[in-house]
Every structure is written in C-alpha cells, then in structure tokens.
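As a plain string of letters, each chain reads:
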Amino acid sequence: MIIENSLDEVKKRETSLKIIKSIINAHGRDNLYDFTGLSGGFLATTDDLNLLETYVGPAIFEEKLQYLGKVHLGGEKIFPVNRTSSGILATILALVPRNSCVIHFVPELPSHPSILRSCKLKNANYIEFDDISRFHTPQNTSLIIITGATMDHKVIDEEIFEKIIAKAKEKEIPVLVDDASGARLRTAIYKQKKAIELGADLVVTSTDKLMMGPRGGLIGGKTELIDEIKACATKFGLEAQPPTILAMVNGLESYNENNLLNSIEKRNKLIKILKNDFKYFEESPTGVMISENSLKKEIANQNIETTFSPKDLCFLWAMILLKQEHIITIPAVAMPGASATVRFDLASNDALKLDIAILQDKIKNSFKYLLKIATDEEVAKDILFNCE
Ligand SMILES: *Cc1c(COP(=O)(O)O)cnc(C)c1O
C-alpha cells in the first residue's frame, strides 16, 4: 500500500490542491474540469456581501434559510452546519446516550466514515446492515440511521426505506437520514419522496453535492430534536457560519432538478462509447464510475500484473487525470476515508465545458498511462506526492 492511512491521504490531497493552483495559474480556470459533482459554489451578490458585514445580515439569511431549507428538505425546523459530517456528529452527540446502540442501514457498503467515528466518541455499539433481511434493532437502540444514497450514489429502495421507518415507529426510535446527495438524487432522478415525507424525524444533506452551494450541511426535522442538536453543536463549533449560510440560501434558491435530469442523456452517451475500450465502467445516477475492485479487474483484463492495492490504483488514476488531463475527480481531493471510486459526474457544472468525445479521450489517455506505471512504485509515489 502506498496510501496507508489518513496522514497519507491528507498529504495526497495537499499535492492535488497545489497542482490545481498551478493549473489555474498556467492555463486559467476554464482549462480545469471539475467532475466531482461537488461544486463548492458561492453564489452571492455585492449587496449580499455588504449585508454580511452588518449585524442585520445573518438575521435575514437565517430566516430565508429556514424557508428555503424547509421547501428543500421538509420538516419543522432547519439547522445549518459546517459539513454533513458535522451534522451526523452533532446528532449522535446529542441523541445517543453512552453505550447505547446505533443501527445503520446503507443500500451498499461502505458507509460514510463519519457515522462510525461519531459513534466511537459515545462508545456506542454501532451495527450496520446493507441487507434488509438481516436488519434488526437490539433492546437499547437510541438512533436508527438510514443512508438515502451512498458516497458512490447507490440509492436506497423506497420500500425498504418505508419498512425501516415502520419498525422505528413501532419501537419509538428516532430516525436520522443521511441524504448527503440523496436529498436530490432520490427525489429528482428516482422520483422518491423526501426523507421527512417518508416519516424520518431528521434528515441531513450536503449543500455542496449536486447543487450550487458551499461545502456545508443542512439538518431538517422535528423542532424538539433540532433544538437539542443545535444546543449540542454550538458547544463544539459545528454550526455553519454566516458567510456559509448566505451561500446556502443562494444555492438553494438556484437549485433546479432539471440540471440533474439533463445529465442522464450525457451519461448514456458516455457509458456507450466507453464500452469500446473498457469493460468495468458502471453507470451512476448522473455519471459513470469505476470502483476500486473494478479498476483492478480492468487492469488485469489488459494483462498487466500489478501489486498495487485497488485503492492505490484509484488514487493514482485520479492523480494522473488531474496532472495530465486537468480533470478533478473525488479520489484526488477528498477528505480521508471518502470513497476511492473514480467517478465522472455529468451533473457537474464543468461537464458543460467539455465535449463527451474529448472526455472519452482524456479517460483513455490517462488510463493508458496508468497501465504504463502500474508496476513502478517509485513513479507512483512521485505521481501521488510530488507537485511537479
Ligand atoms: C459526502 C457524504 C457525507 C459527508 O459530507 P461532508 O460534507 O464531507 O461532511 C456523508 N454521508 C454521505 C452518504 C456522503 O455521500
């Protein structure tokens, strides 16, 4: 393993950010293509920014956020937080007594690492399921978490969602839905109901995923629970700050699910032409992707024997895509523990700038280079950690 732990991941991320800066300096932002689907948008007018400098601003944005957040998520009250992970942490800190059980259903493993990490802080007994026939809640379960759509955009079946809610209601256990991207993927693409409409007590989404908002999280749900979470979150500085809240308001205002629906046609075109050269690419709801294990198989299929781990291969390809083709994918820039799946999200803003045939070339060229270096550890380390 070349990338062995969180420290290595942080180092790799720092390399990526430096490369992004040098690409922008040398070629301009227009020649960099962000296909992560996380736009980190910060929509704001000069008037908005001026308001930010007064005491009035936060009051105004807060009120707008309450309104727009409830339209987007449902629920009685909205609480903006620094990240989705912060929302998950705040909820677990507030609602989970020490040593109780937290049960998580995820449509496909792995789960987002913030759930387990937060449970550990409460010494909670954490159990996760991806098979509904095994799902059960032990005696002292204090919280049920449902992931609406995974990091790799695997979406839950709505019937399974409803089954879990029914079990939770029967036992009067609160339900938090991690709908980081699901709040938009499930509703826009799969025409499912909002988590709150399906009976969840709480939902958290990322204002950065598949919408033009800032990195941040939005929790919606029952007032009583939100108040408890809010009281706990502010003790640790997990709450979103006014500039983020302003950008959340404008991001929510500009959200239009047609942008997501329009990406489907492009996705279909791309997956079709990629089949000429690749065997293991899969569709995601708004793009194409190749998981760690599929990439390993794809390379084996080219009769190349590599000792690199599947994760390292994903990280390497993502770095080659960035350095040589100026394409940003999640494995190059993500926080430690995020999915290493290489995904090209066609709902990203930058997808509008790049013709599908050119994207296909960039994918092919970078993969060819990956094959060439897939046995050379020195070169691989250089690609991952050297900014040149
Ligand atoms: C992205 C994601 C998160 C975490 O979002 P952050 O903004 O990075 O904290 C949590 N859960 C799921 C399912 C995600 O996809």
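Check the entry above for the structure.
The rules behind each value
Residues numbered from 1 in each chain as written. Predicted model: local features only at pLDDT ≥ 70, side-chain atom pairs only at ≥ 80, totals over all residues. Heavy atoms only, no water. Core = buried A, V, L, I, M, F, W, Y, C linked by side-chain atoms within 4.5 Å. Buried < 20%, exposed > 50% of the residue type's maximum accessible area, 1.4 Å probe, protein only. Helix = DSSP H or I, 4+ residues; strand = E, 2+ residues; numbered from the N terminus. Contact = heavy atoms within 4.5 Å. 1 Å grid on protein atoms, 1.4 Å probe; cavity = no way out; pocket = protein on both sides within 12 Å on 5 of 7 lines; lining within 4 Å. Points joined across faces, edges and corners; volume = space filled by probe spheres on them. Patch = residues over 30% accessible without salt bridge, like charges linked within 9 Å, V, L, I, M, F, W, Y side chains within 5 Å. Areas by Shrake-Rupley, 256 points an atom, 1.4 Å probe, with all protein chains shown as cover. Salt bridge = Lys/Arg side-chain N within 4 Å of Asp/Glu carboxyl O. Lys, Arg positive; Asp, Glu negative; His and termini not counted. Charge placed at Lys NZ, Arg CZ, Asp CG, Glu CD. Pairing = 2+ DSSP bridges. Right-handed = clockwise from strand over helix to strand, strands pointing away. Axes fitted to C-alpha atoms, helices over the stretch in contact; angles between N-to-C directions. Arc of directions from axis to C-beta. Polar contact = N/O pair within 3.5 Å; in protein donor to acceptor, adjacent residues only side chain to side chain. Phe/Tyr/Trp six-rings, centres within 6.5 Å; stacked < 30°, edge-to-face > 60°. Parallel < 35°, antiparallel > 145°, perpendicular 65-115°, else oblique. Nonpolar A, V, L, I, M, F, W, Y, C, P; charged D, E, K, R; others polar.

Here we come to the nonpolar core. Judged by nonpolar contacts, the single largest core of 49 residues is most densely connected at F35, F281, L295, W317, F344, L359 and L370. Examining the composition of this core, we find that 10 residues originate from one element, helix α12 (residues 310–325), more than from any other. Setting aside its immediate chain neighbours within four residues, L359 contacts F35, L270, I327, F344, L346 and L354. Judged by nonpolar contacts, the second largest core, of 34 residues, contains A168, I173, L198 and V203.

Once that is clear, we can look at the layout of surface pockets. Each pocket or cavity is described by its volume, and for the largest pocket that value is around 960 Å³. Forming the walls of the largest pocket are 49 residues, and the residues nearest its centre are L38, K209, R215, A334 and M335. Put simply, the parts of the chain that give the lining of the largest pocket at least two residues each are α1 (6–27), α4 (84–95), α5 (113–121), α13 (330–333) and β12 (342–345). Top element by residues in the lining of the largest pocket is α5. It accounts for 5 residues. Here the second largest pocket defines a volume of roughly 470 Å³. Along the walls of the second largest pocket sit 24 residues, with M212, N259, A347, S348 and N349 positioned nearest its centre. Contributions of two or more residues to the lining of the second largest pocket are made by α9 (242–254) and α10 (257–274). The element that contributes the greatest number of residues to the lining of the second largest pocket is α10, accounting for 5 residues.

Quick look at a negative patch on the surface now. A grouping of E108, E128, D130 and E282 is seen on the molecular surface, where their side chains present a negatively charged patch. Mapped onto the elements, D130 comes out in the loop between β4 (125–129) and β5 (141–147).

Take the pairing of β5 next. β5 sits mainly inside the fold: 7 of its 7 residues count as buried. As paired strands, strand β3 (residues 101–105) and β5 are joined by 5 bridges and run parallel to one another. Residue C101 lies in a different strand from β5, and its bridge partner there is T141. Pairing geometry for β5 and strand β6 (residues 175–178), over 4 bridges, is parallel. Bridge pairing in β6 links I146 to V177. With respect to chirality, the unit in which β5 leads through helix α6 (residues 158–171) into the neighbouring parallel β6 is right-handed.

With that settled, consider the sheet that holds strand β10 (residues 287–290). Spatially, β9-β10-β12 is the arrangement adopted by the 3 strands of the open sheet, whose pairing is antiparallel. Two strands bound the open sheet, and with one partner strand each, they are β9 (282–284) and β12. Neighbour-to-neighbour, the strand axes of the sheet open up by a mean angle of 25°, direction not taken into account. Where β10 and β12 come together, 4 bridges link them in antiparallel fashion. By the bridge assignment, I290 is partnered in β12 with V342.

The next thing to look at is helix α11 (residues 292–300). If you check which residues of α11 are buried, you get S294, L295, E298 and I299. Along the long axis of α11, the arc covered by the buried residues comes to 140°, so they all point the same way. Elements in contact with the buried residues of α11: β9, β10, α12 and α14 (356–373).

All right, on to the environment of Q192 then. Within the secondary structure, Q192 sits in the loop between α7 (182–189) and β7 (202–206). Given the relative accessible area of 10%, Q192 is considered buried. Considered as a pair, Q192 and I156 are 36 residues apart in the sequence and their alpha carbons are 9.7 Å apart. At 2.9 Å, the side chain of Q192 and the side chain of R186 are in polar contact.

The next subject is the packing of aromatic side chains. Scanning the model with the defined rule gives 9 aromatic pairs in all. Pairing F35 with F344 gives two aromatic rings, centres 6.4 Å apart and planes at 65°, and the pair type is edge-to-face. Here F344 lies in strand β12 and F35 lies in the loop between β1 (33–34) and α2 (46–52), a separation of 309 residues in the sequence. When the ring of W317 is compared with that of F367, the centres are 5.3 Å apart and the planes differ by 55°; the resulting orientation is tilted. Here W317, found in helix α12, pairs with F367, found in helix α14; they are 50 residues apart in sequence, far enough to count as distant. Judged by its relative accessible area of 0%, W317 falls in the buried class. Members of the aromatic cluster, each reached through a chain of ring pairs, are F35, F278, F281, W317, F344 and F367.

Let us now look at the packing of α11 against α14. Interhelical geometry of α11 versus α14 gives an angle of 75° and a closest axis separation of 11 Å. Taken together, the axes of α11 and α14 are roughly perpendicular relative to one another. Judged by residue contacts, L295, E298 and I299 of α11 engage F367, L370 and L371 from α14. Of the residues in the contact of α11 with α14, the class split is 5 nonpolar, no polar and 1 charged.

Let's shift gears to the side chain of R343. With respect to the helices and strands, R343 occurs in strand β12. Side-chain polar atoms of R343 contact the backbone oxygen of M151, separated by 3.3 Å. A distance of 2.9 Å separates polar atoms of two side chains, one belonging to R343 and the other to D345.

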